[in-house]
Each structure stands twice: as C-alpha cells, then as structure tokens.
Amino acid sequence: MQVGLFGGTGFVGSYLVDALVAAGHRPSLLVRAGSEDRVRHADACRIVEGRIDEASAVEEALRGCDAVIYNIGILREYPSRGITFRALQLDGARSAIDAAVRVGVNRFVLMSANGVEARSTPYQETKFRAEQHLATSGLAGTVFRPSVVFGDPRGRMEFCTQLARDMIRPPIPAPNFFTGWSPARGGFAMSPVHVENVAAAFVRALEMADTIGGCYPLCGPEALPWPGIIRRIAAACGRRKLILPAPVAPIRLLAGLLDRFEFFPVTRDQLTMLVQGNSGDSGAVFRLLDIQPRKFVVDELDYLRDSQAPGR
Ligand SMILES: NC(=O)c1ccc[n+]([C@@H]2O[C@H](COP(=O)([O-])OP(=O)(O)OC[C@H]3O[C@@H](n4cnc5c(N)ncnc54)[C@H](OP(=O)(O)O)[C@@H]3O)[C@@H](O)[C@H]2O)c1
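Residues numbered from 1 in each chain as written. Predicted model: local features only at pLDDT ≥ 70, side-chain atom pairs only at ≥ 80, totals over all residues.

Colleague: For this particular structure, what's the right way to read the overall build of the protein chain?
Modeller: A tally of helices and strands in the protein chain yields ten helices and 13 strands. For the protein chain, the C-alpha radius of gyration of 19 Å lies close to 20 Å, the compact-globule estimate for 312 residues. C-alpha extents for the protein chain along the principal axes are approximately 55 × 40 × 35 Å. For the protein chain, long-range pairs separated by at least 24 residues make up 74% of all intrachain contacts whose partners lie at least 6 apart in sequence. (Helix = DSSP H or I, 4+ residues; strand = E, 2+ residues; numbered from the N terminus. Rg over C-alpha atoms; globule rule 2.2 N^0.38 Å. Contact = placed C-beta atoms within 7 Å.)

Structure (structure tokens):
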C-alpha cells in the first residue's frame, strides 16, 4: 500500500521508512525544504516538498494513499522560530487527520508517547489532544505510545547519545536524580524500547484490523532504575561512571530560569517528565503484533562507542 508519512526524516522516521519499504509498501513523505537529503530509500518513496502548516502540501502527500502515519514531534520548543508543541504535535496532527478525512484515506496510525495525559506538560498535553482528535475523527485509528526509544540514531540524536554527550563523557559524576528529600525514596524507572521494534509495530498495525481503535504503550521488556540506565550507557561508551545523588528540585528551578536559552541542556518540563518515570508492560501488544522486543543491553548499544552525538 501507499502510506502517507509525516516525520519520515528523523530518527524514528528513518526506521519507519526502512520497515515500510521492507514490507513492500510505498512511503509518501511530506518533507520540508532542506531535509530532502535525509530521506532513506528515496527511490522507493514518493516525496512531496512542503511544511506541515501548508494544507495543500499535506493533502498532496496523502493523495493516492491507503493509510497515514503521523510521526512529527519535538522535545523542546523554540517559540520565536514557530517551533512549538502545539504547532507540531497538535495542529500538525489535526491537519493531517482532517486532510485524511477530506481525501478519503481511512487508516491512520498516530505516534504519541508513554504516559501522556490531559493536564500535564505541553509535550504530553498536545499529544493527548491529538489522540482525542483522532478518536473523534471517524477514521480507523491506532495510537502507539513509546517509552524512550533507543537505537543507532544515524546522525540524529536519541536519548542514549544525548546522555552519553551530556552526562557520561564529561569528567564529572553523573546525577542520580531523585524527587523529594531522600535519594532512597525518590527513584524512577524507564523501559527503553528499540527503534526497530517501534517501526515494526507501526507497519504491522497497518496490516492488522485488530489494532483499529487501540492505544498501545510500547515499552521495552525491562524497567530499569535510572542509575541502571546510566551504568549501561557508560559501559557501552567504555567508561566507568561515578553516580551521585542529585535532588531534582533545585535543578528544575535553575532550568525554569535558563531553559529559554538554547545553550541550557534541559528544560524544566523535560526534567518533570524524566522523574515521572517512563516504564510499562507491552508484552500483550508485542505478542499481538508478533514482535520479539529487544533488550536494553550493552550489546545493543554498540553505536555509542564511537558516536559523538552531533547536535541537530
Ligand atoms: N525518540 C524517543 O525517545 C521518542 C519517545 C516517544 C515518542 N517519540 C515520538 O516519536 C516521534 C519521532 O521522534 P524522533 O525522536 O524520531 O524525533 P526527530 O529525530 O527529531 O524527528 C522528528 C521528525 O519530525 C520532523 N519535524 C521536526 N520539526 C519539524 C517542523 N518544524 N516542521 C516539520 N517537521 C518537523 C523532522 O523533520 P526534519 O528532518 O525536517 O527535521 C523529523 O522528520 C515524535 O513524535 C516523538 O514525540 C519519540
């Protein structure tokens, strides 16, 4: 089938293109000017140049499609450049959903995120509202909510390359963030999920009517406490790392003052979401989709050994 794909040029998107092409589908990508070189398997894709806020380009990308995947999202907003959660995760998703209705493409798979809810950070809230819009659109929709996604980012950035750059390589101890007043009580866990498992889930769901109407967390098979995540990334980088307790409250306060400046590595909301934890059980959906989830182990993190985690 021909599959409209929004956000096909980034980390997860590049694996979505791989999985679609490997399954014999033809991706139809909306690509913004300057990102053309990032399209993988360009010969096997249909490419429409345009922005997500251009209704005509969005419709054009969907023309002749049998299904749609909406995967555009950001981790940090830059309002002065028009890069906001609202524009890309809510208005953009709405625009793609409404265009699918107009053009008559009935199947829609939406990229969301683990733990999104109505009253939360703008990242989570915009994703949640996009889910609601899909649910009321009349389309045959499926939502996936991944935990943190790991895998070779192919020159982009994923959470391991970012942590390697910001916490593992600098010659200072890594923080063991905790909420409240005691490190013994304020820990959190994550269930990193492999990018190829995420891409496979999207592509299998397109072909499985059973998944219509479903909203599925995509979490890896192991919930690891934060120090365990740091240790595995450090081991994959060939380092040993001292980890010291760090209360998150003062760091969040500092981020509240400085996160409007791009040099500051983390935003207040990112810290809020980090310490909420990001784990869950996706055994049932991986069984439904016949996917064997890959573990977050050092052997799977080979790509960290030489990566220098370039910026975007
Ligand atoms: N990575 C994770 O751990 C994780 C976890 C849960 C959910 N997700 C979700 O998965 C999706 C993909 O994430 P990712 O990590 O692959 O991000 P990414 O590498 O930054 O890719 C983002 C995609 O969105 C596009 N995009 C970004 N800003 C845009 C803009 N202003 N206008 C139009 N397109 C824009 C990018 O296009 P360009 O190539 O033109 O920049 C790219 O195709 C997002 O929705 C994210 O919220 C990711």
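Colleague: I'm lost on the sheet that holds strand S5 (residues 107-111) in this one. Help?
Modeller: The strands that make up a sheet are held in pairs by hydrogen bonds between backbone atoms, and each pair lies either parallel or antiparallel. Strand order in this open sheet of seven strands is S3-S2-S1-S4-S5-S6-S11, and the pairing throughout is parallel. Among the strands making up the open sheet, the edge pair consists of strand S3 (46-49) and strand S11 (215-218). Across the sheet, the mean angle separating the axes of adjacent strands is 20° when strand polarity is ignored. Where strand S1 (residues 2-6) lies against strand S4 (residues 67-70), four bridges are found, and the strand directions are parallel. Bridged to phenylalanine 6 within S4 is tyrosine 70. Each of S1, S4 and S5 touches helix H3 (residues 85-103); the most contacted strand, S4, lies at about 175° to it. (Pairing = 2+ DSSP bridges. Axes fitted to C-alpha atoms, helices over the stretch in contact; angles between N-to-C directions.)

Colleague: What should I look at first to understand the packing of helix H5 (residues 159-168) against helix H7 (residues 226-236) in this one?
Modeller: The description of two packed helices rests on the angle between their axes and on the distance between the axes. Viewed as axis vectors pointing N to C, H5 and H7 meet at an angle of 90°, and their least axial separation amounts to 10 Å. Considered as vectors, H5 and H7 are oriented roughly perpendicular to each other. The segment H5 lies against H7, with Cys160, Leu163, Ala164, Met167 and Ile168 engaging Ile230, Ile233 and Ala234. In terms of residue class, the contact of H5 with H7 is made up of eight nonpolar, no polar and no charged. (Parallel < 35°, antiparallel > 145°, perpendicular 65-115°, else oblique. Nonpolar A, V, L, I, M, F, W, Y, C, P; charged D, E, K, R; others polar.)

Colleague: Would you explain unusual backbone geometry in this entry?
Modeller: Phi is mostly negative for residues that are not glycine, and the peptide bonds are mostly trans. Unusually for a residue other than glycine, histidine 41 sits at a positive phi of about 50°. In this structure, histidine 41 sits in the loop between strand S2 (26-31) and S3. Despite not being glycine, aspartate 290 shows a phi value in the positive range, around 60°. According to the C-beta neighbour criterion, aspartate 290 is exposed, with 9 such atoms within 10 Å. (Buried ≥ 20, exposed ≤ 12 C-beta atoms within 10 Å, placed from the backbone.)

Colleague: Sorry if this is basic, but what is going on with the pairing of strand S6 (residues 140-146) here?
Modeller: Put simply, side chains in a regular strand alternate between the two faces of the sheet. Counting buried positions along S6 yields six of seven residues, so the element is predominantly enclosed. In this structure, S5 lies alongside S6, joined through five bridges in parallel fashion. Residue pairing across strands places methionine 111 opposite phenylalanine 144, the latter belonging to S6. Note on the crossover from S5 through helix H4 (residues 122-135) to S6: the handedness is right-handed. Taken together, the four bridges between S6 and S11 define a ladder with parallel strand orientation. When the bridges of S11 are listed, phenylalanine 144 appears paired with tyrosine 216. (Right-handed = clockwise from strand over helix to strand, strands pointing away.)

Colleague: How do you make sense of the site of the ligand when you look at a structure like this?
Modeller: By nearness alone, 26 residues border the ligand, and Thr9, Gly10, Phe11, Ser35 and Gly73 come closest of all. Top contributing element to the shell around the ligand by residue count: helix H1 (residues 11-22), with three residues. In terms of residue class, the shell around the ligand is built from 13 nonpolar, eight polar and five charged. (Near = placed C-beta within 6 Å.)

Colleague: Help me understand the packing of H1 against helix H6 (residues 195-206) in this model?
Modeller: It is the contact of H1 with H6, at a shortest axis distance of 9 Å, that shows an interaxial angle of 55°. In terms of orientation, H1 lies oblique with respect to H6. Handedness of the H1/H6 crossing: right-handed. Taken together, the residues of H6 that come into contact with H1 (itself represented by Phe11, Val12, Tyr15, Leu16, Asp18, Ala19 and Leu20) are Val195, Glu196, Val198, Ala199, Ala200, Phe202 and Val203. Here the residues of the contact of H1 with H6 are counted per class, giving twelve nonpolar, no polar and two charged. (Left-handed = near helix turned anticlockwise from the far one by under 90°.)

Scope: geometric values only; no functional claims are made or implied.
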